[in-house]
Amino acid sequence: MKNISTRLLLTCAAIGVAGGIVFSISAYISGTVAAAAPMFYGAVIGVYFLPGVIAQALLRRGGVALITSVIAGLVSVPFQPIGFAAVMAAGSIGLLQEVPFAITLYRYWRAWLFYVAVTIAGLIFGFGVFIAQGADLAEPWVQVVHIGLFVVSPILFTWLGRVVAAGLDRTGAGRGLQLPIVRPRRRDSEPLPMMAA
């Protein structure tokens, strides 16, 4: 970890701080939705995927979704009704976002992998919240809407995150830090994806 580029960390931190501000605003919206109409809570959960997706799509490096999500969670702690648990939730989402790319050894950054990651994460979180809220006692159509929103919302926010990352890329924010979308197998002399370029 000592060879991680400071610029890479600062880029993740900047995205994470912006994400933390969005998390803080979203906490009050999602809290209201969860209290008033719990079956629609999944519609706002996709916000928590934004920082990780932006970092991954912009930088295409291993670990950036996790780092960025944890920073976003830390920034939002004072404004979250759940307090420090926000860091755990954000970190869990960031970790789940890393999985499909880790399986490819961080060599492939195709768009479909982003959507696979958030679909799986959305299903996992959707079923977890489903059980915690006792939604299994609800009507079948409510159950379908509940789980469906946990899948659709992260997909929509992933699309939005990739649009934001493309905009940042056009400004040159990731220049010098990005790895290619498809990277050939690493030779022993090449640095690991998370290491400084």
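The model shown is predicted, which means the values in this text are computed figures rather than measured ones.

1. Some thoughts on the UniProt feature "transmembrane region" (unreviewed entry) in the protein chain
In the numbering used here, UniProt assigns the feature "transmembrane region" (unreviewed entry) to residues 7-29, 35-55, 62-79, 85-106, 113-135 and 141-160. The span residues 141-160 is 100% helix and 0% strand, and its two end C-alpha atoms sit 28 Å from each other.

2. Observations concerning the side chain of Ser-76
If you trace the backbone, Ser-76 turns up in helix H4 (residues 64-76). Assessed through its relative accessible area of 0%, Ser-76 is described here as buried. Leaving out residues up to four positions away in the same chain, Ser-76 has contacts with Gly-20, Phe-23, Ser-24 and Ala-86.

3. Details of helix H6 (residues 111-132)
With 22 residues, H6 extends 32 Å between its outermost C-alpha atoms, agreeing within 8% with the 32 Å of an ideal straight helix rising 1.5 Å per residue. Turning to H6, its buried residues number three or more, namely Leu-113, Phe-114, Ala-117, Val-118, Ala-121, Gly-122, Gly-126, Val-129 and Phe-130. Against the buried residues of H6 lie helix H3 (50-59), helix H5 (85-103) and helix H7 (140-171). Positive phi shows up at Gly-134, right after H6, with a value of about 70 degrees.

4. Quick notes on the packing of aromatic side chains
Taken as a whole and judged by the stated rule, the model has 4 aromatic pairs. Taken together, a centroid distance of 4.4 Å and an interplanar angle of 15 degrees make the contact between Phe-101 and Trp-109 stacked. Through pairs of rings, three or more aromatic residues link up here, namely Phe-101, Tyr-106, Trp-109 and Phe-114. Over the aromatic face of Phe-114 sits the side chain of Arg-162, whose NZ or CZ is 4.8 Å from the ring centroid.

5. Some remarks on the packing of H5 against H6
Close contact between H5 and H6 brings their axes to 8 Å; oriented N to C, the two are set at 135 degrees. Classed by the angle they form, the pair H5 and H6 counts as oblique. In this structure, H5 crosses over H6, and the sense of that crossing is right-handed. For the pair formed by H5 and H6, the contact residues are Ala-89, Ser-92, Ile-93, Leu-96, Gln-97, Pro-100 and Phe-101 on the first element and Leu-113, Phe-114, Ala-117, Val-118, Ala-121, Ile-124 and Phe-125 on the second.

6. Some thoughts on unusual backbone geometry
Where the residue is not glycine, phi is negative for most of them; where a peptide bond is considered, it is trans in most cases. Even without being a glycine, Arg-60 presents a positive backbone phi close to 50 degrees. Structurally, the position occupied by Arg-60 is in the loop between H3 and H4. Judged by its relative accessible area of 14%, Arg-60 falls in the buried class. A positive phi angle, close to 60 degrees, is found at Leu-105, a residue other than glycine. With respect to the helices and strands, the residue Leu-105 is situated in the loop between H5 and H6.

7. Some points on a nonpolar patch on the surface
On the surface, Val-17, Ile-21, Ile-25 and Ile-29 cluster together to form a nonpolar patch covering roughly 360 Å² of accessible area. Of note, Ile-25 is situated in helix H1 (residues 6-36).

8. Points about the environment of Arg-110
Here Arg-110 is to be found in the loop between H5 and H6. Between the C-alpha atoms of Arg-110 and Ala-57, which are 53 residues apart in sequence, the distance is 9.2 Å. For Arg-110, the residues in contact, after removing those within four places along its chain, are Ile-181 and Val-182.

Definitions and limits used
- Residues numbered from 1 in each chain as written.
- Predicted model: local features only at pLDDT ≥ 70, side-chain atom pairs only at ≥ 80, totals over all residues.
- Heavy atoms only, no water.
- UniProt positions renumbered as here; feature names shortened; annotations may be inferred.
- Helix = DSSP H or I, 4+ residues; strand = E, 2+ residues; numbered from the N terminus.
- Buried < 20%, exposed > 50% of the residue type's maximum accessible area, 1.4 Å probe, protein only.
- Contact = heavy atoms within 4.5 Å.
- Expected span 1.5 Å × (residues − 1).
- Phe/Tyr/Trp six-rings, centres within 6.5 Å; stacked < 30°, edge-to-face > 60°.
- Lys NZ or Arg CZ within 6 Å of the ring centre and 35° of its normal.
- Axes fitted to C-alpha atoms, helices over the stretch in contact; angles between N-to-C directions.
- Parallel < 35°, antiparallel > 145°, perpendicular 65-115°, else oblique.
- Left-handed = near helix turned anticlockwise from the far one by under 90°.
- Patch = residues over 30% accessible without salt bridge, like charges linked within 9 Å, V, L, I, M, F, W, Y side chains within 5 Å.
- Areas by Shrake-Rupley, 256 points an atom, 1.4 Å probe, with all protein chains shown as cover.
- Salt bridge = Lys/Arg side-chain N within 4 Å of Asp/Glu carboxyl O.

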